[in-house]
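Chains, contacts and geometry: an overview
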Amino acid sequence: MKKIRLWKGCLALLLLTTSCTTHYQMADVKGSRVIVDKRYDAALDQEALTFLAPYKQQVDSVMGPVVGVVACDMVADRPESKLSNLLADILVWAGKFYNEQPVLGVYNMGGIRAALTKGEVTYGDVLDVAPFENKICFITLSGAKLLELFQQMAQTGGEGVSKGVEMVITKDHQLVSVRLHGKEIDPAASYRVTTIDYLLQGNDKMTAFRDGTDIVSPTEDSNNTRYIIVNYFKEKQKMGEVVDAKIEGRIVVR
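These figures come from a predicted structure and were not determined experimentally. (Residues numbered from 1 in each chain as written. Predicted model: local features only at pLDDT ≥ 70, side-chain atom pairs only at ≥ 80, totals over all residues. Heavy atoms only, no water.)

1. Brief notes about the sheet that holds strand β5 (residues 160-161)
Taking strand neighbours across the sheet as the criterion, the five strands line up as β5-β2-β9-β4-β10 in an open arrangement whose pairing is mixed. This sheet does not close on itself; its edge strands, each paired only once, are β5 and β10 (213-216). In terms of strand pairing, strand β4 (residues 136-142) meets strand β9 (residues 190-196) through seven bridges, oriented antiparallel. By the bridge assignment for β9, Ile136 is matched with Ile196. On top of the sheet, helix α5 (residues 143-155) reaches β2 (104-107), β4, β5 and β9; it is set at about 115° to β4, its chief contact. (Pairing = 2+ DSSP bridges. Helix = DSSP H or I, 4+ residues; strand = E, 2+ residues; numbered from the N terminus. Contact = heavy atoms within 4.5 Å. Axes fitted to C-alpha atoms, helices over the stretch in contact; angles between N-to-C directions.)

2. Some words on the layout of surface pockets
Over the atoms, a rolling probe the size of a water molecule traces out where space has been left empty. Reported here for the largest pocket is a volume of approximately 1200 Å³. Among the secondary structure elements, those contributing two or more residues to the lining of the largest pocket are α2 (46-63), β3 (119-122) and α4 (123-129). A total of seven residues in the lining of the largest pocket trace back to one element, the largest contributor, which is α2. Looking at the lining of the largest pocket residue by residue, the class counts come to 16 nonpolar, four polar and ten charged. (1 Å grid on protein atoms, 1.4 Å probe; cavity = no way out; pocket = protein on both sides within 12 Å on 5 of 7 lines; lining within 4 Å. Points joined across faces, edges and corners; volume = space filled by probe spheres on them. Nonpolar A, V, L, I, M, F, W, Y, C, P; charged D, E, K, R; others polar.)

3. As for the sheet that holds strand β11 (residues 251-253)
Taken in spatial order, the four strands make up an open sheet running β8-β7-β6-β11, and their pairing is mixed. Because the sheet does not close on itself, it has two edges, and the strands there are β8 (183-184) and β11. For strand β7 (residues 175-180) and β8, the ladder comprises two bridges, and the chain directions are antiparallel. By the bridge assignment for β8, Leu180 is matched with Lys183. Against the sheet, α5 engages β6 (165-169) and β7, with an angle of about 130° to β7.

4. Quick word on the pattern of salt bridges
Taken as a whole and assessed by the stated rule, the structure comprises 13 salt bridges. For the salt bridge of Asp89 with Arg250, the shortest nitrogen-to-oxygen distance reads 2.9 Å. With Asp89 in helix α3 (residues 82-93) and Arg250 in the loop between α7 (225-238) and β11, the pair connects residues that are 161 residues apart, well separated along the chain. By relative accessible area, Arg250 is classed as buried at 2%. Put simply, Lys145 and Glu148 hold a salt bridge, and the shortest N to O gap is 3.1 Å. In this pair, Lys145 and Glu148 are both assigned in helix α5, three residues apart and thus about one turn of the helix distant. (Salt bridge = Lys/Arg side-chain N within 4 Å of Asp/Glu carboxyl O. Buried < 20%, exposed > 50% of the residue type's maximum accessible area, 1.4 Å probe, protein only.)

5. Here's the deal with the side chain of Asn223
With respect to the element layout, Asn223 can be found in the loop between β10 and α7. On the basis of relative accessibility, which here comes to 6%, the residue Asn223 falls in the buried class. Apart from residues lying up to four places away in sequence, Asn223 is in contact with Tyr98, Asn134, Lys135, Ile136, Pro218 and Ile228.

6. Section: the side chain of Arg250
A distance of 2.9 Å separates a polar atom in the side chain of Arg250 from a polar atom in the side chain of Asp89. At 2.8 Å, the side chain of Arg250 and the backbone oxygen of Val161 are in polar contact. Those residues within four positions of Arg250 in sequence are excluded, and the remaining contacts are Glu80, Asn85, Asp89, Val161, Ser162, Lys163, Val165, Glu166 and Met167. (Polar contact = N/O pair within 3.5 Å; in protein donor to acceptor, adjacent residues only side chain to side chain.)

7. Here's the deal with the pairing of β9
A large share of β9 lies buried, amounting to six of its seven residues. When β2 meets β9, the two strands line up parallel, connected through two bridges. Within the sheet, the bridge partner assigned to Leu104 lies in β9 and is Val193.

8. Thoughts on the pairing of β2
Side chains Leu104 and Val106 of β2 all project onto a buried face; the interleaved residues Gly105 and Tyr107 project onto the opposite face, where all are buried too. One ladder, built from two bridges, connects β2 with β5; its direction is antiparallel. Bridging across to β5, Val106 finds its partner in Val161.

9. A few points about α7
Helix length check: α7 (14 residues) gives 20 Å between terminal C-alpha atoms against 20 Å at 1.5 Å per residue, within 8%. Regarding α7, the residues found buried are Thr225, Arg226, Ile228, Ile229, Val230, Tyr232, Phe233 and Lys236. With a side-chain oxygen positioned 3.0 Å from the backbone nitrogen of Arg226, the residue opening α7 is Asn224. Gly240, located one to two residues past α7, shows a positive phi value of around 75°. (Expected span 1.5 Å × (residues − 1).)

10. Here's the deal with the nonpolar core
In this structure, Leu86 and Phe233 are the most contacted members of the largest nonpolar core, which totals 33 residues. Every element with two or more residues in this core is listed here: β1 (66-70), α3, α4, β4 and α7. Take this core: its biggest share by element is seven residues, from α3. Excluding its chain neighbours within four sequence positions, the residues that come into contact with Phe233 are Val67, Gly68, Val69, Val70, Leu86, Leu116, Val121 and Val243. If you look at the next biggest cluster of nonpolar residues, it comprises 26 residues, including Leu149, Phe150, Val161 and Val193. (Core = buried A, V, L, I, M, F, W, Y, C linked by side-chain atoms within 4.5 Å.)

Below you can see the structure in the form of C-alpha cells.
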C-alpha cells in the first residue's frame, strides 16, 4: 500500500512539474486591421445563411440604409490618415449646430474601429467605425495647454486632427513644431476645441484636456458621434456630393 501511495505521489509531482513548465517563449505580438467587404461573399456558408435568415431582414432594415458615398477607401493610421482627418473635420463641421466655432477638432485613433470602402456608406458602416457611446463636446484650452496637448499627441505617434494643423514630429515621437491655421500658437491665448467626451477625462494619454474650461458636453443620445457622422454624410448626399478626404501633411514625421 505504501508503495502504491509513493508511486501516486511521484506521478502527481511529475504531472504538476511538467504542466507548469514549457520551452515556449513569446517572441512578438502584432496586430492589424482587416477590411471585411464583398470579397468574402464568393464562398457563402449555406448553413450559416439558413441560421441567420430570420434575423437578416430586421438587421438590414436598421443597418442597410445608405447615408452617403465615399470617393476612396479610408482607413485610420498614424501619423495621419484619410479617415482620421475626415472624422476630425466632421467634429468641426458639427460646431454650427451648437452655436460653436471651434478652431480645432481632435478625434482619437483608438476610437476608430473600422474602415470605409469606396462607394456607398450605410448606417451600419458608420456604426462599425464609431461603435462607442462617445458624444461630441467643446472645450476651451489655453495656448499653453494646447501646446501640451500637441506634445501628448506627438508621443502617441499622431491622432486625428482637423484641417489647419501643421504638426511636425520626430520618429521617436517628439514634437518639433506646430502651427494652427498658418499661425504659431500663442501660449497666452484661448482656443476653442471640439472633441469627444471620452477624451475630456484625459484618456488615451491626452491629459491636457483635463485642464480645459467652458465645457459644453451634451448628454443626449443624438449627440453621439455616429449620428453626427451620419448627418454629415446625409447633408453631402442631399447636395449631391461624394465625401472625400486626403492626407494633407497635417502631421509629418521627420
